[in-house]
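# Fold and geometry: a report
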Amino acid sequence: STIFVLNGPNLNALGKREPGIYGGHTLADIEVLCRTEGEKLGFAIDFRQTNHEGTLVDWIHEAGETAAGIAINAGAYTHTSIALHDAIRAIAIPVVELHLSNVHAREEFRHKSMIAPAVKGVICGFGEQSYILALNALKSITK
Ligand code: DQA
(Lines give C-alpha, C1' and ligand atoms only; values in the text may rest on other atoms or scores of the structure.)
Protein backbone atom coordinates (compact mmCIF):
# COMPACT_ATOMS: atom_id res chain seq x y z
CA SER A 1 0.00 0.00 0.00
CA THR A 2 0.99 3.59 -0.60
CA ILE A 3 1.58 6.32 1.97
CA PHE A 4 1.65 9.95 0.89
CA VAL A 5 4.28 12.00 2.75
CA LEU A 6 3.19 15.60 2.18
CA ASN A 7 5.34 18.63 2.92
CA GLY A 8 4.11 22.20 2.96
CA PRO A 9 5.61 25.69 2.66
CA ASN A 10 9.31 26.44 3.12
CA LEU A 11 10.26 22.81 3.66
CA ASN A 12 12.01 22.90 0.28
CA ALA A 13 14.54 25.17 2.05
CA LEU A 14 15.46 22.62 4.74
CA GLY A 15 19.20 22.45 5.31
CA LYS A 16 19.59 26.18 4.65
CA ARG A 17 16.63 27.34 6.74
CA GLU A 18 17.20 27.99 10.48
CA PRO A 19 19.42 24.90 10.90
CA GLY A 20 19.52 25.50 14.67
CA ILE A 21 15.81 24.70 14.77
CA TYR A 22 15.29 22.34 11.84
CA GLY A 23 18.70 20.63 11.54
CA GLY A 24 21.14 20.44 8.64
CA HIS A 25 19.41 17.73 6.61
CA THR A 26 17.72 18.63 3.34
CA LEU A 27 14.25 17.52 2.28
CA ALA A 28 15.98 15.18 -0.20
CA ASP A 29 17.79 13.54 2.78
CA ILE A 30 14.43 13.11 4.53
CA GLU A 31 12.92 11.60 1.38
CA VAL A 32 15.68 8.96 1.36
CA LEU A 33 15.01 8.19 5.05
CA CYS A 34 11.29 7.81 4.33
CA ARG A 35 11.87 5.54 1.33
CA THR A 36 14.19 3.30 3.38
CA GLU A 37 11.71 3.12 6.26
CA GLY A 38 8.87 2.55 3.79
CA GLU A 39 10.68 -0.50 2.39
CA LYS A 40 11.04 -1.90 5.92
CA LEU A 41 7.36 -1.34 6.67
CA GLY A 42 6.02 -2.53 3.31
CA PHE A 43 4.83 0.91 2.21
CA ALA A 44 5.39 2.55 -1.16
CA ILE A 45 6.20 6.20 -0.37
CA ASP A 46 4.79 9.04 -2.48
CA PHE A 47 6.87 11.98 -1.21
CA ARG A 48 5.88 15.54 -2.21
CA GLN A 49 6.45 19.20 -1.30
CA THR A 50 4.61 22.36 -2.26
CA ASN A 51 4.50 25.94 -1.07
CA HIS A 52 0.83 26.24 -2.09
CA GLU A 53 -2.10 25.59 0.22
CA GLY A 54 -4.53 24.55 -2.53
CA THR A 55 -2.05 22.02 -3.90
CA LEU A 56 -1.96 20.38 -0.46
CA VAL A 57 -5.79 20.27 -0.52
CA ASP A 58 -5.68 18.58 -3.96
CA TRP A 59 -3.08 16.04 -2.79
CA ILE A 60 -5.09 15.19 0.34
CA HIS A 61 -8.13 14.49 -1.86
CA GLU A 62 -5.96 12.42 -4.24
CA ALA A 63 -4.55 10.38 -1.33
CA GLY A 64 -8.07 9.80 -0.07
CA GLU A 65 -8.82 8.03 -3.37
CA THR A 66 -5.57 6.14 -3.85
CA ALA A 67 -3.49 5.78 -0.65
CA ALA A 68 -3.60 3.93 2.68
CA GLY A 69 -2.59 6.93 4.77
CA ILE A 70 -0.94 10.35 4.92
CA ALA A 71 1.96 11.71 6.96
CA ILE A 72 1.83 15.49 6.67
CA ASN A 73 4.15 18.29 7.72
CA ALA A 74 1.97 21.22 6.72
CA GLY A 75 4.54 23.83 7.83
CA ALA A 76 2.98 27.16 8.74
CA TYR A 77 -0.37 26.20 7.16
CA THR A 78 -0.72 23.95 10.22
CA HIS A 79 -1.48 27.06 12.24
CA THR A 80 -3.78 28.83 9.78
CA SER A 81 -5.55 26.49 7.40
CA ILE A 82 -9.21 25.63 7.84
CA ALA A 83 -9.05 24.36 4.23
CA LEU A 84 -6.54 21.67 5.24
CA HIS A 85 -8.66 20.77 8.27
CA ASP A 86 -11.72 20.37 6.03
CA ALA A 87 -9.79 18.36 3.41
CA ILE A 88 -8.58 15.91 6.07
CA ARG A 89 -12.11 15.63 7.45
CA ALA A 90 -13.36 14.84 3.92
CA ILE A 91 -11.27 11.66 3.51
CA ALA A 92 -11.48 8.28 5.25
CA ILE A 93 -7.80 7.24 5.42
CA PRO A 94 -5.73 7.97 8.56
CA VAL A 95 -3.65 11.13 8.66
CA VAL A 96 -0.70 11.73 11.00
CA GLU A 97 0.42 15.34 11.55
CA LEU A 98 4.13 15.76 12.10
CA HIS A 99 6.67 18.50 12.79
CA LEU A 100 10.45 18.51 12.95
CA SER A 101 10.50 20.98 15.84
CA ASN A 102 8.60 20.87 19.13
CA VAL A 103 6.07 23.53 18.18
CA HIS A 104 4.87 23.74 21.81
CA ALA A 105 8.32 24.88 22.96
CA ARG A 106 8.33 27.73 20.43
CA GLU A 107 6.33 30.91 19.76
CA GLU A 108 2.75 31.04 21.02
CA PHE A 109 1.40 31.21 17.44
CA ARG A 110 2.78 27.71 16.80
CA HIS A 111 0.97 26.18 19.78
CA LYS A 112 -2.35 26.03 17.94
CA SER A 113 -2.81 23.53 15.11
CA MET A 114 -5.87 23.96 12.90
CA ILE A 115 -5.43 20.42 11.56
CA ALA A 116 -4.82 18.55 14.85
CA PRO A 117 -8.55 18.07 15.60
CA ALA A 118 -8.98 16.39 12.19
CA VAL A 119 -6.00 13.98 12.28
CA LYS A 120 -5.45 10.63 13.96
CA GLY A 121 -2.49 11.87 16.00
CA VAL A 122 0.43 14.29 16.13
CA ILE A 123 4.21 13.78 16.33
CA CYS A 124 6.55 16.72 16.89
CA GLY A 125 10.00 17.55 18.20
CA PHE A 126 12.11 14.64 16.95
CA GLY A 127 13.75 16.30 13.95
CA GLU A 128 13.88 14.11 10.85
CA GLN A 129 12.97 11.13 13.09
CA SER A 130 9.47 12.63 13.35
CA TYR A 131 8.93 11.35 9.77
CA ILE A 132 10.05 7.82 10.73
CA LEU A 133 7.82 7.86 13.80
CA ALA A 134 4.86 9.05 11.70
CA LEU A 135 5.35 6.19 9.21
CA ASN A 136 5.51 3.67 12.08
CA ALA A 137 2.38 5.19 13.61
CA LEU A 138 0.59 4.70 10.28
CA LYS A 139 1.90 1.12 10.11
CA SER A 140 0.42 0.41 13.53
CA ILE A 141 -3.07 1.56 12.48
CA THR A 142 -3.32 0.40 8.84
CA LYS A 143 -3.74 -3.07 7.37
C1 DQA B 1 7.20 22.96 11.23
C2 DQA B 1 6.74 23.88 12.37
C3 DQA B 1 5.89 25.03 11.84
O4 DQA B 1 5.51 25.88 12.93
C5 DQA B 1 6.70 25.86 10.86
O6 DQA B 1 5.89 26.88 10.31
C7 DQA B 1 7.32 25.04 9.79
C8 DQA B 1 7.92 23.74 10.14
C9 DQA B 1 8.16 21.86 11.72
O10 DQA B 1 8.35 20.90 10.98
O11 DQA B 1 8.73 21.97 12.81
O12 DQA B 1 7.40 25.45 8.64
O13 DQA B 1 6.05 22.32 10.66
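About the thresholds
- Residues numbered from 1 in each chain as written.
- Predicted model: local features only at pLDDT ≥ 70, side-chain atom pairs only at ≥ 80, totals over all residues.
- UniProt positions renumbered as here; feature names shortened; annotations may be inferred.
- Helix = DSSP H or I, 4+ residues; strand = E, 2+ residues; numbered from the N terminus.
- Rg over C-alpha atoms; globule rule 2.2 N^0.38 Å.
- Buried ≥ 20, exposed ≤ 12 C-beta atoms within 10 Å, placed from the backbone.
- Contact = placed C-beta atoms within 7 Å.
- Pairing = 2+ DSSP bridges.
- Axes fitted to C-alpha atoms, helices over the stretch in contact; angles between N-to-C directions.

An unreviewed UniProt entry lists the protein under the name 3-dehydroquinate dehydratase, from Mycoplana dimorpha. The annotation that UniProt attaches to the protein under Function (unreviewed entry) is "Catalyzes a trans-dehydration via an enolate intermediate."

This part takes up the overall build of the protein. Tallying secondary structure elements over the protein gives 5 helices and 5 strands in all. Element order for the protein, N to C, with α for helix and β for strand: β-α-α-β-α-β-α-β-β-α. The globule rule puts the C-alpha radius of gyration for 143 residues at 15 Å, and the 14 Å found for the protein is close to it. Counting only C-alpha atoms, the protein reaches 35 × 30 × 25 Å along its principal axes. A total of 143 residues make up the protein; the buried ones form 35% of that total. For the protein, long-range pairs separated by at least 24 residues make up 75% of all intrachain contacts whose partners lie at least 6 apart in sequence.

The UniProt entry lists Tyr-22 and His-99 under the feature "active site" (unreviewed entry), expressed in the numbering used here. Taken along the chain, the residues just named run across 78 residues; in space they keep tight, none of their C-alpha pairs more than 9.5 Å apart. Given 19 C-beta atoms within 10 Å, Tyr-22 falls into the partly exposed group. Sequence-distant contacts of Tyr-22, that is, excluding residues within four places in its chain, are made with Leu-14, Arg-17, Leu-100 and Ser-101. When you line up the elements, His-99 lands in strand S4 (residues 95-99). Ignoring sequence-local partners within four residues, the contact set of His-99 consists of Asn-73, Cys-124 and Ser-130.

Position of Arg-110 among the secondary structure elements: in the loop between S4 and strand S5 (121-124). Owing to 17 C-beta atoms within 10 Å, Arg-110 belongs among the partly exposed residues under this scheme. For the pair Arg-110 and Thr-80, spaced 30 residues apart in sequence, the C-alpha to C-alpha distance is 9.7 Å. Residue contacts for Arg-110: discarding those within four places in its chain leaves His-79 and Val-103.

This next bit is on the environment of Val-95. Position of Val-95 among the secondary structure elements: in strand S4. Here Val-95 falls in the buried class, since 25 other C-beta atoms lie within 10 Å of it. Along the backbone, Val-95 and Val-5 are 90 residues apart, and their C-alpha atoms lie at a distance of 9.9 Å.

Taken together, 5 strands build an open sheet; the order of strands is S2-S1-S3-S4-S5 and the sheet is parallel. The open sheet is flanked by strand S2 (44-49) and S5, the only strands paired with a single partner. Between one strand and the next, the sheet's axes are offset by a mean angle of 20°, whatever the strand orientation. As paired strands, strand S3 (residues 69-73) and S4 are joined by 3 bridges and run parallel to one another. By the bridge assignment, Ile-70 is partnered in S4 with Val-95. Across the sheet, helix H2 (residues 27-41) lies against strand S1 (2-7) and S2, angled at about 165° from S2, the strand it touches most.

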